[in-house]
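Letter by letter, the chains look like this.
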Amino acid sequence: METWRIVATVLLAVAGVPLALAVMAKTRDRVNDSGQVAIAGAVTLTGLIVVAVLTLTVLPGLVTWIVVAVVAAAVSVMMLAS
């Protein structure tokens, strides 16, 4: 496995975990229902895991780095907005 794929996946995971937590916090603020918060967290983490597996296996380099940049930008915007 190429080193750049591992680095991209680690960066994706490092940015994705705070993204999942931020999504869960925003959901809690809006609906105040623990079931909805759990569903939002599960959907976000499932999406993150699917993208991480695709990053490790089949996505081309340019697409991989674009996905990592988009996730990092989304985390930055969500953290600045809160």
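Reference entry: report on the structure contained in this document. Computed from a prediction, not measured in an experiment: that's the story for all the values here.

About the criteria used
- Residues numbered from 1 in each chain as written.
- Predicted model: local features only at pLDDT ≥ 70, side-chain atom pairs only at ≥ 80, totals over all residues.
- Heavy atoms only, no water.
- Helix = DSSP H or I, 4+ residues; strand = E, 2+ residues; numbered from the N terminus.
- Salt bridge = Lys/Arg side-chain N within 4 Å of Asp/Glu carboxyl O.
- Buried < 20%, exposed > 50% of the residue type's maximum accessible area, 1.4 Å probe, protein only.
- Polar contact = N/O pair within 3.5 Å; in protein donor to acceptor, adjacent residues only side chain to side chain.
- Contact = heavy atoms within 4.5 Å.

1. A look at the environment of Ser34
So, point 1. Assignment of secondary structure puts Ser34 in helix H2 (residues 34-57).
So, point 2. Spatially, the C-alpha atoms of Ser34 and Ala73 are 27 Å apart, while their sequence positions differ by 39 residues.

2. Examining the pattern of salt bridges
So, point 1. Applying the stated rule across the entire model yields 2 salt bridges.
So, point 2. As a salt-bridge pair, Glu2 and Arg5 come within 3.1 Å of each other at their nearest N and O atoms.
So, point 3. Residue Glu2 is classed as partly exposed on the basis of its relative accessible area of 40%.
So, point 4. One salt bridge in this structure joins Asp29 and Arg28, with 3.7 Å as the shortest N-O distance.
So, point 5. With relative accessibility at 47%, the residue Arg28 sits in the partly exposed group.

3. Details of the side chain of Thr9
So, point 1. Tracing the sequence through the fold places Thr9 in helix H1 (residues 3-31).
So, point 2. A relative accessible area of 13% places Thr9 in the buried class.
So, point 3. Reaching out from Thr9, the side chain makes a polar contact with the backbone oxygen of Arg5 at a distance of 2.8 Å.
So, point 4. Not counting residues within four places of it along the chain, the set of residues in contact with Thr9 comprises Ala52, Thr55 and Leu56.

Shape descriptors only; they carry no functional weight alone.
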